[in-house]
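Structural overview for review
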Amino acid sequence: MTRSTILDGNSFSTTDADHLPPEDHALIARRQRVLGPSYRLFYRRPVHLVRSAGTRVWDAEGREYLDAYNNVASIGHAHPAVVEAVHRQMGTLSTHSRYLQRGVLDYAEQLLATFPQDLDTVMFTNSGSESNDLALRIARHATGGTGVVVTAEAYHGTTSLVADVSPAMGKDYVLGSFTELAAAPDAYRQGSGHQLGAWFAAQITAAFHRLRARGIRPAAFLADTIFASDGVLSDPAVLAPALRATHQAGALFIADEVQPGFARTGSAFWGFARHDVVPDLVTLGKPMGNGIPVSAMVGRRDIVGHFGATVPYFNTFGGSSVPIAAAQAVLDVIQQENLPARSETLGELLRAGVRSLAERHPAIGDVRGAGLFLGVEIVSDRQARTPDSVHALELVNTLRDLGVLISVAGPHNNVLKIRPQLVYTEADIALLLERLDEALTLCAATATV
Ligand code: PMP
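Residues numbered from 1 in each chain as written. Predicted model: local features only at pLDDT ≥ 70, side-chain atom pairs only at ≥ 80, totals over all residues. Heavy atoms only, no water.

Turning to helix H4 (residues 102–112), its buried residues number three or more, namely Val 104, Tyr 107, Ala 108, Leu 111 and Leu 112. Buried residues of H4, viewed axially, fall in a sector of 125 degrees; they line one side. Of the exposed residues in H4, the ones pointing more than 90 degrees away from its buried face are Arg 102 and Glu 109. In this fold, the buried residues of H4 make contact with strand S4 (119–125), strand S9 (281–284), strand S10 (295–300) and helix H12 (321–336). (Buried < 20%, exposed > 50% of the residue type's maximum accessible area, 1.4 Å probe, protein only. Helix = DSSP H or I, 4+ residues; strand = E, 2+ residues; numbered from the N terminus. Arc of directions from axis to C-beta. Contact = heavy atoms within 4.5 Å.)

In terms of domain boundaries, the protein chain breaks down into domain 1 (6–77 + 338–448) and domain 2 (80–336). Here domain 1 packs against domain 2, burying approximately 2800 Å² in sum over the two surfaces, 58% of which is carbon and sulfur. On the domain 1 side of the interface with domain 2, the three residues burying the most area are Ile 6, Ile 75 and Phe 373, jointly 23% of the side's total. Across the domain 1-domain 2 interface, the total number found is one salt bridge. For Arg 189, the salt bridge is made with Glu 377, and the minimal N-O distance between the two is 2.5 Å. Here domain 1 and domain 2 share 26 residue pairs in polar contact (both at pLDDT 80 or more) between them. (Domains from an automatic or database assignment. Buried area = accessible area lost by both parts, 1.4 Å probe. Salt bridge = Lys/Arg side-chain N within 4 Å of Asp/Glu carboxyl O. Polar contact = N/O pair within 3.5 Å; in protein donor to acceptor, adjacent residues only side chain to side chain.)

Take the site of the ligand next. As a structural note, the neighbourhood of the ligand is formed by Ser 127, Gly 128, Ser 129, Asn 132, Tyr 155, His 156, Gly 157, Asp 224, Asp 256, Val 258, Gln 259 and Lys 286. In the environment of the ligand, an oxygen atom lies 2.9 Å from a nitrogen or oxygen atom belonging to the backbone of Gly 128. Contact distances for the ligand include 2.7 Å between a nitrogen atom and a side-chain N or O atom of Asp 256. Here the ligand has 390 Å² of accessible area as a free molecule, and 83% of this is covered by the chains. For the shell around the ligand, the leading source of residues is helix H5 (residues 128–143), giving three residues. Taken together, the residues of the shell around the ligand sort by class into two nonpolar, seven polar and three charged. (Near = heavy atom within 4 Å. Areas by Shrake-Rupley, 256 points an atom, 1.4 Å probe, with all protein chains shown as cover. Nonpolar A, V, L, I, M, F, W, Y, C, P; charged D, E, K, R; others polar.)

Quick look at the nonpolar core now. Inside soluble globular proteins, nonpolar side chains tend to come together where they are buried. Ranked by internal contacts, the top residues of the largest apolar core, which has 99 residues, are Phe 221, Phe 262, Leu 284 and Leu 416. Here this core gets nine residues from one element, more than from any other, and that element is H12. When we break this core down by domain, the ones giving at least three residues each are domain 1 (6–77 + 338–448) and domain 2 (80–336). Setting aside anything within four residues of it in sequence, one finds Leu 416 in contact with Leu 374, Gly 375, Val 376, Ile 378, Ala 392, Leu 395, Val 396, Ile 406, Ser 407, Val 408 and Leu 436. Of all hydrophobic cores here, the second largest spans 22 residues; its members include Ala 135, Val 162, Leu 252 and Phe 307. (Core = buried A, V, L, I, M, F, W, Y, C linked by side-chain atoms within 4.5 Å.)

Axis separation between H5 and helix H11 (residues 301–308) bottoms out at 9 Å; the angle between their running directions is 90 degrees. Classified by the angle between their axes, H5 and H11 sit roughly perpendicular to one another. Facing Leu 134, Arg 137, Ile 138, His 141 and Ala 142 of H5, the residues of H11 in contact are Ile 303, Val 304, His 306 and Phe 307. Looking at the contact of H5 with H11 residue by residue, the class counts come to six nonpolar, two polar and one charged. (Axes fitted to C-alpha atoms, helices over the stretch in contact; angles between N-to-C directions. Parallel < 35°, antiparallel > 145°, perpendicular 65-115°, else oblique.)

All right, on to H11 then. Helical periodicity: at 3.6 residues per turn, an α-helix aligns residues three or four positions apart in one direction. If you check which residues of H11 are buried, you get Ile 303, Val 304 and Phe 307. Here the buried residues of H11 occupy an arc of 90 degrees about the axis, which is enough to place them on one side.

The strand order across the open sheet built from four strands is S1-S2-S3-S14, with neighbouring strands paired in mixed fashion. The sheet terminates laterally at strand S1 (49–53) and strand S14 (404–405), the two strands that pair on one side only. Of the pairings in the sheet, the one linking S1 to strand S2 (residues 56–59) comprises four bridges and is antiparallel in character. In the sheet register, Arg 51 faces S2, and the bridge partner there is Trp 58. (Pairing = 2+ DSSP bridges.)

Right, let's talk about the environment of Pro 411 for a bit. You can see Pro 411 is positioned in the loop between strand S15 (407–409) and strand S16 (415–418). Its relative accessible area of 42% is what places Pro 411 among the partly exposed residues. Expressed as a C-alpha distance, the spacing of Pro 411 and Met 297, which sit 114 residues apart in the sequence, is 27 Å. With residues up to four places along the chain from it excluded, the contact list for Pro 411 reads Thr 5, Glu 153, Ser 229 and Asp 230.

Right under this line is the structure:
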């Protein structure tokens, strides 16, 4: 079976099933029976969740976990403002975008005010995949090309078009003939700042040349602006040169903000803003509705208008009343509670804490990230920077047993991916660091036995 970094990195294997309680065993058997083999569960001992609130989730035995992973429930699980908004809207009016409604316009204006002025048009969808699919269609329409450049371990979603530009699907997955890969901007191994930016731009240019050499006209460079599946790569000097290289190739730059958007990466609010660039198109999703499926694509009017002038768009649920009410409640909370600033300062606190753990734990090779999106690279040899995915997975599973949920990312699955909710307290950060310290100690002991 294909092994996918994004789906198989931290996944349960049936070979671990013997160690599970009988009830979990039965649930897994039922899942396999009715959902088929495509689905993956997290952790060697899957977590059977029954309830969530704020920064915590609880399993069927009543055990509490600190959630340091779920970036959908970004303003906290079961946030009362979202619960209330969805309940109220569902009981008042639930319909789609072919009727006049004020809510979607109020939200669109408030959302667009968080973007640079040139990005002035928004279209609504139901998932990050759908947003990327729409952005690619629009980029193709605008450029007349079909070719797409993505980074080597990129993940952009599940539609046919978007899976074809998602190498993280696994080595055996056949990507689109219109796809070319560029090495990701890994500051830990390639140097940082301007040097890294120039190197990365050269990768993008070369990838577009390879497309042209195959007779394929470029349409887009599509990139997650925190490069989550490439291992959480946060050097902010790389997208400006990459954008110039993209435009020189006659293509558009699509910023995938599904993971980094909505202040996840700190006070800049959008990941691309940390890089000081203005993309041609931007895709949003995950935290936008704090659990209600709602997503969007934002772009420049000239590009989106060119598409819209000839291609009509209707999306039954995209932009409909209830998801928009959820999105409105989320944006209000983020802005009223000043969560971008909180993401920035708590992120600094967390990275400083992990860096001080690195003084005692040689397995930590690199600590990076922005805001509350942290990447901790686990290595077997600091000098050689050798990725150690076995150790990283041991840490993820040990933390799970200690009541903290995180996962892994990167081409070698050796980067701890830590994404606390934006409403973490300093006490939550302290608990996370304490448990990480404990897990590092426990795993170092088993590694030397
Ligand atoms: N882009 C990125 C960067 C993602 O991480 C994901 C989901 N993991 C998607 C797009 C697809 O989003 P969705 O699962 O909502 O379709």
